[in-house]
Amino acid sequence: MPRGKVTQISREDLEDLKEAFDKIDIDNSGYVSDFELQDLFREARYSLPGFKVREIAEKFISGDSNKDEKISFDEFVAIFQELKSNDIKETFRKVISKKDGLICLPGTSGVSTEGTQHYYADEEKVAFVNWINKSLAKDPDCRHLLPIDPDNDTLFKSVKDGILLCKMINLSQPDTIDERVINMKKLTTFTTNDNLNLALNSAAAIGCTVVNIDPTDLKAGKPHLVLGLLWQIIKIGLFADIEISRNEALICLLQPGEQLDHLLSMSPEELLLRWVNYHLNNAGWQSISNFSDDIKDSKAYFHLLSQIAPRGDRDEIGIPIDMSGLSERDDEKRAEMMLKQADRLDARQFVTAHDVVSGNSMLNIAFVANLYNLHPALNKPAINGLDLSLLEGESREERTFRNWMNSLGVAPTVNHLYSDLVDGWVILQLYQHTQIPVNWDKVNKPPYPSLGANMKKLENCSYAVDLGKTVARFSLVGVGGVNINEGSRVHTLGLIWQIMRRYTVKVLSDLGEGEKVDDQFIINWVNAALKEGDKDTFITSFKDKSISTSLPVIDLIATIVPSAVKDEMVKRGDLSPEDKLNNAKYAISVARKIGAKVYALPDDLVEVKPKMVMTVFACLMGRSMRAEKNDKTEKKRSSRRF
């Protein structure tokens with residue numbers, strides 16, 4: 001790429017660029033493709049219009065001596081240096097400017113003692129604070145924290161004891177955490193640490209990516225990590241009901257000639273856009289294609305509000321929307337007038353007038369999702385020849401697998417377990433996480449060309465199945481790439497379960513210094529630990545009916561960390577179905593509290609689902625072995641000191 005005079009960049013900039021580059025370079029090849037350049041700039045929190053990114057990519061390709069259309073980190077740094085030297089530098093790095101809503105944070109990088117910088121958007125902090133204040137206003141356990149002041153950094157201190165995070169997780173996905181397990185009183189360093197472990201492991205269980213976040217980060221109130229985690233938690237709650245199995249009236253969003261399975265494969269963001277355009281069409285207003293540029297003038301929002309405002313018995317508008325703001329010439333004043341109308345629907349959340357005019361996509365998506373949840377304004381259409389079996393919601397097992405994948409940070413996010421895996425891309429990322437070597441030169445990366453796209457996806461799936469058979473030694477008899485590519489439930493579930501099992505067992509193998517770990521190995525360890533802890537419970541297999549009481553799990557936890565279990569919370573003897581469920585809820589939450597990353601759900605224990613039961617015991621075994629290994633290491637260090 002030809003360059004003129006180049007400005008030197010700081011060490012801080014270099015660290016930021018490397019961090020961003022590594023996130024996009026998910027296969028650790030040392031390169032990103034030209035089509036990933038937009039994502040790379042976005043990850044680095046640099047604002048460049050799409051046309052400028054395309055110009056840069058075209059210029060790079062034409063001057064690329066290697067002709068491989070791949071960009072190394074050094075080449076990306078060179079691109080950045082030239083941009084910083086040019087006239088666009090003032091608009092390029094908007095994160096420098098406080099007035100643009102991004103706050104610069106000095107900090108220390110894990111790879112440099114000189115420090116690096118992180119940034120967070122002040123408007124996002126304000127939006128989250130207002131949502132938390134409203135959502136938890138009546139929660140007595142949060143009185144010591146609320147209301148949080150949106151005009152300062154109180155939010156980052158409010159997560160220190162873990163209570164607020166646990167409450168937000170339960171708000172997003174009810175009953176994820178048994179609140180009997182949360183330490184509420186006489187908080188100490190140890191009890192707050194337990195709360196934060198509980199919050200982080202529960203967040204992972206509902207699909208949040210918590211890689212590289214630990215209780216120390218949250219106690220330190222690191223803004224970029226706190227905001228990132230809170231957004232994931234809030235987003236999961238906002239999107240929970242934007243799914244056809246949860247609201248069959250969404251079928252009315254089908255377009256002429258469109259098949260139902262296409263609508264079912266849409267992400268929540270895509271469904272939201274379709275929902276908005278459905279109402280805009282009914283209002284006689286033009287459609288929008290995004291939640292940034294297309295909504296900046298607020299006019300689409302005015303028409304949306306007028307369509308979703310509650311109706312009376314005779315279909316008259318119960319809450320009439322004042323549309324006079326459409327004639328206002330100033331965009332920000334018009335946005336404020338629109339938000340006053342949204343407030344009449346109790347839906348003025350997440351955005352300010354400035355956020356609308358500036359086109360903050362994330363906050364506008366949250367605003368629209370909240371509108372949908374409050375006022376979907378859809379009537380279930382007549383079902384004419386549609387296959388209603390397609391409307392079945394995902395099973396617990398499917399949801400568990402999906403949440404596990406998302407917690408690892410796969411990209412793109414998996415919204416639908418089958419349709420989102422048909423290109424093999426996410427499956428190959430999972431292989432990377434389970435130390436199954438992938439030759440990324442053989443992989444077709446998205447986006448795929450319009451011509452022959454499915455062939456590229458099929459090649460990925462075939463490669464994934466081949467690796468599963470030959471390298472991972474999975475049981476994939478009769479399974480081919482075409483089965484995954486076609487979204488076969490049976491074949492996809494079988495493959496994903498074996499990857500998850502390998503991921504779980506790999507930890508035990510590493511901690512056990514390479515010992516072969518199978519089901520019987522785990523069962524033997526569980527029974528030996530229970531016996532050593534003088535417990536009466538034991539298991540014969542992962543199908544043992546005694547597991548339905550959750551007592552073997554609770555007793556094992558009490559053996560590993562004796563202080564973790566409160567006997568008064570556990571029911572024994574002749575148990576009713578309700579007693580069993582309460583025990584299971586308690587067991588799962590306490591397991592997460594002591595540091596076991598459990599993805600299974602309480603019902604999995606009550607119903608004794610062998611696969612999920614195995615992961616619970618394996619995670620507890622891993623937690624115990626890790627603690628033993630740390631103790632041995634500490635003893636060795638202590639002996640060296642003396």
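Keep in mind it's a predicted model, so treat the numbers as computed, not measured. (Residues numbered from 1 in each chain as written. Predicted model: local features only at pLDDT ≥ 70, side-chain atom pairs only at ≥ 80, totals over all residues. Heavy atoms only, no water.)

Draft legend 1. Seen up close, the overall build of the protein. Broken down by element type, the protein carries 27 helices and four strands. Taking all contacts inside the protein whose residues are at least 6 apart in sequence as the whole, residues at least 24 apart take part in 61%. Of the accessible surface of the protein, which amounts to about 31000 Å², a share of 48% is contributed by carbon and sulfur atoms. (Helix = DSSP H or I, 4+ residues; strand = E, 2+ residues; numbered from the N terminus. Contact = heavy atoms within 4.5 Å. Areas by Shrake-Rupley, 256 points an atom, 1.4 Å probe, with all protein chains shown as cover.)

Draft legend 2. Quick peek at the packing of aromatic side chains. In this structure the tally under the stated criterion is ten aromatic pairs. Ring plane angle 5 degrees and centroid distance 6.0 Å describe the contact between Phe 128 and Trp 231, whose orientation is recorded as stacked. With Phe 128 in helix 6 (residues 122-135) and Trp 231 in helix 11 (residues 223-239), this pair connects stretches of sequence that are 103 residues apart. For the pair Phe 128 and Trp 231, one class covers both residues: buried. (Phe/Tyr/Trp six-rings, centres within 6.5 Å; stacked < 30°, edge-to-face > 60°. Buried < 20%, exposed > 50% of the residue type's maximum accessible area, 1.4 Å probe, protein only.)

Draft legend 3. Representation of the pattern of salt bridges. Evaluated as defined, the whole model comprises 22 salt bridges. Among the salt bridges present, the one from Asp 241 reaches Arg 246, with a minimum N-O distance of 2.9 Å. Here Arg 246 falls in the exposed class, since its relative accessible area comes to 53%. A single salt-bridge network, built from bridges that share partners, covers Asp 139, Asp 141, Lys 167 and Glu 179. (Salt bridge = Lys/Arg side-chain N within 4 Å of Asp/Glu carboxyl O.)

Draft legend 4. Expanded view of unusual backbone geometry. Going from Leu 146 to Pro 147, the amide bond is cis rather than trans, its omega being -5 degrees. Note that Pro 147 resides in the loop between helix 6 and helix 7 (154-158). Residue Pro 447 follows Pro 446 across a cis peptide bond; omega there is 0 degrees. Mapped onto the elements, Pro 447 comes out in the loop between helix 19 (425-433) and helix 20 (453-470). Positive phi is not limited to glycine here, since Asp 346 has a value of about 60 degrees. You can see Asp 346 is positioned in the loop between helix 15 (331-344) and helix 16 (353-358).

Draft legend 5. Expanded view of the side chain of Thr 504. Here Thr 504 shows up in helix 22 (residues 489-511). Classification of Thr 504 as buried rests on a relative accessible area of 10%. If we skip the residues at most four places from it in the chain, Thr 504 touches Thr 615, Ala 618 and Cys 619.

Draft legend 6. Summary view of a negative patch on the surface. A contiguous patch of negative charge on the surface is contributed by Glu 532, Asp 534, Asp 536 and Glu 628. If you trace the backbone, Glu 532 turns up in helix 23 (residues 519-532). According to the relative accessible area criterion, Glu 532 is exposed, its value standing at 70%. (Patch = residues over 30% accessible without salt bridge, like charges linked within 9 Å, V, L, I, M, F, W, Y side chains within 5 Å. Lys, Arg positive; Asp, Glu negative; His and termini not counted. Charge placed at Lys NZ, Arg CZ, Asp CG, Glu CD.)

Draft legend 7. Expanded view of the environment of Ser 172. On the secondary structure map, Ser 172 appears in helix 8 (residues 163-172). With a relative accessible area of 8%, Ser 172 lands in the buried category. Note: C-alpha distance between Ser 172 and Ile 236 (64 residues apart in sequence) is 6.3 Å. Sequence-distant contacts of Ser 172, that is, excluding residues within four places in its chain, are made with Ile 233, Ile 236 and Gly 237. A distance of 2.7 Å separates a polar side-chain atom of Ser 172 from the backbone nitrogen of Gly 237. (Polar contact = N/O pair within 3.5 Å; in protein donor to acceptor, adjacent residues only side chain to side chain.)

Draft legend 8. Focus on helix 20. Compared with the 26 Å implied by 1.5 Å per residue over 18 residues, the 26 Å span of helix 20 between its first and last C-alpha is a close match. Taken together, the buried positions of helix 20 are occupied by Ala 453, Asn 460, Cys 461, Tyr 463, Ala 464, Val 465, Leu 467 and Gly 468. In this structure, the buried side of helix 20 is in contact with helix 19 and helix 21 (481-485). (Expected span 1.5 Å × (residues − 1).)

Draft legend 9. Structural context of the confidence of the model for the protein. Of all residues in the protein, 85% have pLDDT values of 70 or greater, and the mean over the chain is 87. In this model, residues 87-100 is a region of pLDDT below 50 whose contacts with residues beyond four sequence positions or in other chains number 25 contacts. (pLDDT = per-residue confidence, 0-100.)

Draft legend 10. Inspection of the packing of helix 13 (residues 268-282) against helix 14 (residues 299-308) at higher detail. At a minimum axis separation of 9 Å, helix 13 and helix 14 run at an interaxial angle of 80 degrees. The orientation of helix 13 relative to helix 14 falls into the category roughly perpendicular. Where helix 13 abuts helix 14, its residues Trp 275, Val 276, His 279, Leu 280 and Asn 282 lie against Ala 300, His 303, Leu 304, Gln 307 and Ile 308. Among the residues making up the contact of helix 13 with helix 14, the classes are represented as six nonpolar, four polar and no charged. (Axes fitted to C-alpha atoms, helices over the stretch in contact; angles between N-to-C directions. Parallel < 35°, antiparallel > 145°, perpendicular 65-115°, else oblique. Nonpolar A, V, L, I, M, F, W, Y, C, P; charged D, E, K, R; others polar.)

Draft legend 11. Looking closely at the packing of helix 14 against helix 15. Contact pair helix 14 / helix 15: the axes reach a minimum separation of 10 Å and the direction vectors enclose 20 degrees. What the angle tells us is that helix 14 and helix 15 run roughly parallel. For the pair helix 14 and helix 15, the crossing hand works out as left-handed. Packed against helix 14, whose contacting residues are Lys 299, Tyr 301, Phe 302 and Leu 305, the element helix 15 presents Arg 334, Met 337, Met 338, Gln 341 and Ala 342 at the interface. For the contact of helix 14 with helix 15, the per-class residue count stands at six nonpolar, one polar and two charged. (Left-handed = near helix turned anticlockwise from the far one by under 90°.)

Draft legend 12. Highlighting the side chain of Lys 593. Along the chain, the position of Lys 593 falls in helix 25 (residues 577-593). Within the buried core, Lys 593 has no salt-bridge partner, and the shortest N-O distance to an opposite charge, that of Asp 194, equals 5.0 Å. A distance of 2.7 Å separates the side chain of Lys 593 from the backbone oxygen of Val 181, its partner in a polar contact. The contact partners of Lys 593, leaving out residues within four places of it in the chain, are Val 181, Asn 183, Asp 194, Asn 197 and Leu 198.

Draft legend 13. Looking closely at the environment of Trp 497. Locating Trp 497 in the fold gives a position in helix 22. For Trp 497, a relative accessible area of 11% puts it in the buried group. Counting along the chain gives 96 residues from Trp 497 to Phe 401, while the straight-line C-alpha distance between them is 7.6 Å. Those residues in contact with Trp 497 that sit more than four places away from it in its chain are Phe 401, Lys 611, Met 612, Met 614 and Thr 615.

Draft legend 14. Spatial organisation of the state of the cysteines. Counted according to the given criterion, the structure contains zero disulfides. With no disulfide of its own, Cys 142 lies closest to Cys 166 among cysteine sulfurs, the gap being 9.8 Å. Assessed through its relative accessible area of 1%, Cys 142 is described here as buried. Owing to a relative accessible area of 0%, Cys 166 belongs among the buried residues under this scheme. (Disulfide = S-S within 2.5 Å.)

Draft legend 15. Representation of helix 23 within the structure. In this model, helix 23 (14 residues) spans 20 Å end to end at C-alpha, consistent with the 20 Å of a helix rising 1.5 Å per residue. When we look at burial in helix 23, the residues that qualify are Ile 522, Ile 523, Trp 525, Val 526, Ala 529 and Leu 530. The buried residues of helix 23 occupy an angular sector of 160 degrees when projected down its axis, which confines them to one face. Among the exposed residues of helix 23, those pointing more than 90 degrees away from its buried face are Lys 531 and Glu 532. A positive phi of about 60 degrees marks Asp 534, the residue just after helix 23. (Arc of directions from axis to C-beta.)

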